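Chain by chain, the residues:
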Amino acid sequence: MADDDILTLEEVAKYLRVSERTVYDCAQKGEIPAGKIRTAWRFKKSEIDKWVNDKLTPTGLNPQITPVNAESILSAHRILFLNYSNKRDALLALSENIAAAPQVKNRQELSAEILKREELMSTAIGCGIAIPHVRLSSVTDLVVSVGISRKDIIDFHPLDDEPVRLIFMIAAAHNQHAYYLQTLSWFSTRLKNKGLRDSLLTAETPQQIYDLLTK
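Now for a look at the structure at hand. From a predicted model like this one, the values you see are computed outputs, not experimental measurements. (Residues numbered from 1 in each chain as written. Predicted model: local features only at pLDDT ≥ 70, side-chain atom pairs only at ≥ 80, totals over all residues. Heavy atoms only, no water.)

Focus on the pairing of strand β3 (residues 40-44)
Then step 1. Burial along β3 is one-sided: W41 and F43 are buried, while A40, R42 and K44, pointing the other way, are not.
Then step 2. Sheet topology note: the strand β1 (residues 6-8)/β3 ladder contains three bridges and is antiparallel. Bridge assignment links I6 to a residue of β3, and that residue is K44. (Buried < 20%, exposed > 50% of the residue type's maximum accessible area, 1.4 Å probe, protein only. Helix = DSSP H or I, 4+ residues; strand = E, 2+ residues; numbered from the N terminus. Pairing = 2+ DSSP bridges.)

A short note on the pairing of strand β9 (residues 164-173)
Then step 1. Across the ten residues of β9, nine count as buried, placing the element largely inside the fold.
Then step 2. One ladder, built from two bridges, connects strand β6 (residues 129-130) with β9; its direction is parallel. Its bridge partner being in β9, I129 is matched across the sheet by L166.
Then step 3. Bridge count between strand β7 (residues 133-136) and β9: four bridges; the pairing is parallel. Residue pairing across strands places V134 opposite A171, the latter belonging to β9.
Then step 4. Examined bridge by bridge, strand β8 (residues 143-153) and β9 share seven bridges and lie antiparallel to one another. For S145, the partnering residue across the bridge sits in β9 and is M169.

What about the pattern of salt bridges?
Then step 1. Inspection of the entire model under this criterion finds seven salt bridges.
Then step 2. In this structure, the salt-bridge partner of D49 is K45, at a minimum N-O distance of 2.7 Å. Placement of both D49 and K45 in helix α3 (residues 45-56) is noted, with a separation of four residues, approximately one turn of the helix. We note that D49, like K45, is buried.
Then step 3. Two residues, K194 and D198, come together in a salt bridge whose shortest N-O distance is 2.8 Å. Placement of the pair is K194 and D198 together in helix α8 (residues 194-202), with a separation of four residues, close to one helical turn.
Then step 4. The partly exposed category is assigned to D198, whose relative accessible area is 32%. (Salt bridge = Lys/Arg side-chain N within 4 Å of Asp/Glu carboxyl O.)

Take a look at the structure:
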């Protein structure tokens with residue numbers, strides 16, 4: 001498939017591994033780059049690729065931004081070892097964990113919105129990593145929960161087809177858009193380091209993982 005290809009709605013849904021209804025709704029709302037030829041939606045592959053990269057790996061932020069202080073958003077008791085082979089169970093386990101933080105005021109809303117966000121588009125960014133994230137008015141300040149999976153989670157459907165083993169869940173207040181994007185970028189940039197990823201996967205305690213992420 002060439003970058004200058006023009007795709008149909010059905011082809012985009014297959015390419016992004018989401019339902020045709022999801023693509024249609026996004027196009028109707030102007031959330032995905034698209035155009036209409038008479039009554040049919042059409043999409044340019046190069047623009048879809050850029051849109052996906054902007055959504056899933058927001059690394060284009062100004063590199064001079066002050067680094068995220070991991071100690072202020074993460075703690076050892078919000079780090080879990082997971083033993084699930086499907087993403088729904090893993091996401092619910094992390095949702096329950098992060099909802100215990102005082103920054104989260106509505107446990108049910110958090111879980112529902114995390115699953116809803118995942119249905120819209122996979123939060124897997126490749127290299128065995130997923131970063132599910134939401135901004136909610138019922139969250140008072142940004143908080144993170146980390147899951148290290150002992151099993152391959154095969155239904156995140158990342159673009160590189162590598163099963164997910166590392167999950168970083170971010171919940172932020174509705175008005176924390178900039179800090180939220182900054183945190184997404186910080187994690188995705190740090191986790192490009194294969195040595196760090198390997199160390200996280202072989203760590204034996206939450207404290208070891210916390211130390212790796214905060215040092």
